[in-house]
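# Descriptive analysis of the structure
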Amino acid sequence: MNHTYDDEDFFGRYAGMPRSREGLTAAGEWRQLKPLFPPLKGRSVLDLGCGYGWHCRFCEDQGAGRVLGIDSSRKMIEEARRRSQGRDIEYRVCPVEEYEFPENTWDLVVSNLALHYIEDLDSVFEKVYRALKEGGTFLFNIEHPTFTAGVNQDWIYTEKGEPAHWPVDSYFSPGKRSALFLGCQVEKYHHTLTQILMGLLNRGFVLEAVEEAQPPEEMMGIPGMEQEMRRPMMLLVKAGRLNGI
């Protein structure tokens, strides 16, 4: 059985994660992602796969004039609204693929750990490009291709139960992957590095930053965190739509 964030058991497990309880400061990638945000005062922001709305609230705190967060999970949106009470942020239950992406609307489109659930990335890139204003920014964090090509997205363990190595297989065969996440089977999609980066370039985006997330030193004391230095888990990309292009 493949689970979704609206499943009671799965949502409960997700709610117990440190990043769900504590927010951006508990996210290992935040140290690298935060500096990639453009100036936001008076700007319009669309968050694809907004989850609890952490990035929506950050953008509003930075002075964004309009913020819309969309997510396919009703429970995620309900929690985002609860945590954003008193704020001028719009949330909508809507899968990324079904959003209308109105032309020339957003200064920033941001997405954190959502695009690896999308099969047709090229279509999303095209729609985001159309929806961005000239000079706008597309900033996203996606599971790294080395991670999504991992066999069951898990380590091979020694007889003592210690991680021996991270297996990668069928790297050049993009498509659906079944992975164990929070003790549940979920469906994700593997995309190669070429597909991700060239997909942006072929659409007309200009790459401004490409980073592989590394946990900060202050998190190394968290059990299992040192293993995150053995293979990349997340890929951070900042792409721009230049004026006149």
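Our structure's up above, just so we're on the same page.
Figured I'd write up the structure that's included with this text. Computed from a predicted model, the values in this text were never measured in an experiment. (Residues numbered from 1 in each chain as written. Predicted model: local features only at pLDDT ≥ 70, side-chain atom pairs only at ≥ 80, totals over all residues. Heavy atoms only, no water.)

With that settled, consider the nonpolar core. Judged by nonpolar contacts, the single largest core of 29 residues is most densely connected at Leu 46, Val 128, Phe 138 and Phe 140. Contributing elements (two or more residues each) for this core: β1 (44-48), β2 (66-71), β4 (106-112), α6 (121-131), β5 (132-143), α8 (193-203) and β11 (234-240). It is α6 that provides the largest number of residues to this core, a total of six residues. Leaving out residues up to four positions away in the same chain, Leu 46 has contacts with Leu 68, Ile 70, Tyr 99, Phe 101, Trp 106, Leu 108, Val 109 and Val 110. Counting residues in each nonpolar core, the second largest holds 25 residues, with Ile 89, Ala 209, Ala 213 and Met 234 among its members. (Core = buried A, V, L, I, M, F, W, Y, C linked by side-chain atoms within 4.5 Å. Buried < 20%, exposed > 50% of the residue type's maximum accessible area, 1.4 Å probe, protein only. Helix = DSSP H or I, 4+ residues; strand = E, 2+ residues; numbered from the N terminus. Contact = heavy atoms within 4.5 Å.)

On to a negative patch on the surface. Residues Glu 97, Glu 98, Glu 119, Asp 120, Asp 122 and Glu 126 make up a contiguous surface patch of negative charge. Looking at where Glu 97 falls in the secondary structure, it is placed in the loop between β3 (90-93) and β4. (Patch = residues over 30% accessible without salt bridge, like charges linked within 9 Å, V, L, I, M, F, W, Y side chains within 5 Å. Areas by Shrake-Rupley, 256 points an atom, 1.4 Å probe, with all protein chains shown as cover. Salt bridge = Lys/Arg side-chain N within 4 Å of Asp/Glu carboxyl O. Lys, Arg positive; Asp, Glu negative; His and termini not counted. Charge placed at Lys NZ, Arg CZ, Asp CG, Glu CD.)

Glancing now at α6. Listed in full, the buried residues belonging to α6 are Leu 121, Val 124, Phe 125, Val 128, Tyr 129 and Ala 131. Angularly, the buried residues of α6 cover 165° about the axis, an arc narrow enough to put them on a single face. On its buried face, α6 sits against β1, β4, β5 and α8. For α6, the N-terminal cap is Asp 120; the gap from its side-chain oxygen to the backbone nitrogen of Asp 122 is 3.4 Å. (Arc of directions from axis to C-beta. Polar contact = N/O pair within 3.5 Å; in protein donor to acceptor, adjacent residues only side chain to side chain.)

Among the structural elements, Glu 90 can be located in strand β3. Judged by its relative accessible area of 33%, Glu 90 is partly exposed. Separated by 69 residues in sequence, Glu 90 and Glu 159 have C-alpha atoms that sit 50 Å apart. Excluding its chain neighbours within four sequence positions, the residues that come into contact with Glu 90 are Arg 66, Val 67, Leu 68 and Gly 69.

Non-glycine residue Asn 152 carries a positive phi angle of around 60°. Along the polypeptide, Asn 152 turns up in the loop between α7 (145-148) and β6 (156-157). Of note, the phi angle at Gln 153 is positive, near 50°, even though the residue is not glycine. For Gln 153, a relative accessible area of 9% translates into the label buried.

Strand order in the open sheet made by the seven strands is β3-β2-β1-β4-β5-β11-β10, with mixed pairing throughout. Each edge of the sheet is formed by a strand with only one pairing partner; in this case those strands are β3 and β10 (206-212). The mean inter-strand angle of the sheet, taken between neighbouring strand axes irrespective of direction, is 15°. Sheet topology note: the β2/β3 ladder contains four bridges and is parallel. Bridged to Ile 70 within β3 is Arg 92. Strands β2 and β3 of the sheet are contacted by helix α5 (residues 74-83), whose axis makes an angle of about 165° with β3. Contacting β1, β4 and β5, α6 crosses the sheet at an angle of about 150° to β5. (Pairing = 2+ DSSP bridges. Axes fitted to C-alpha atoms, helices over the stretch in contact; angles between N-to-C directions.)

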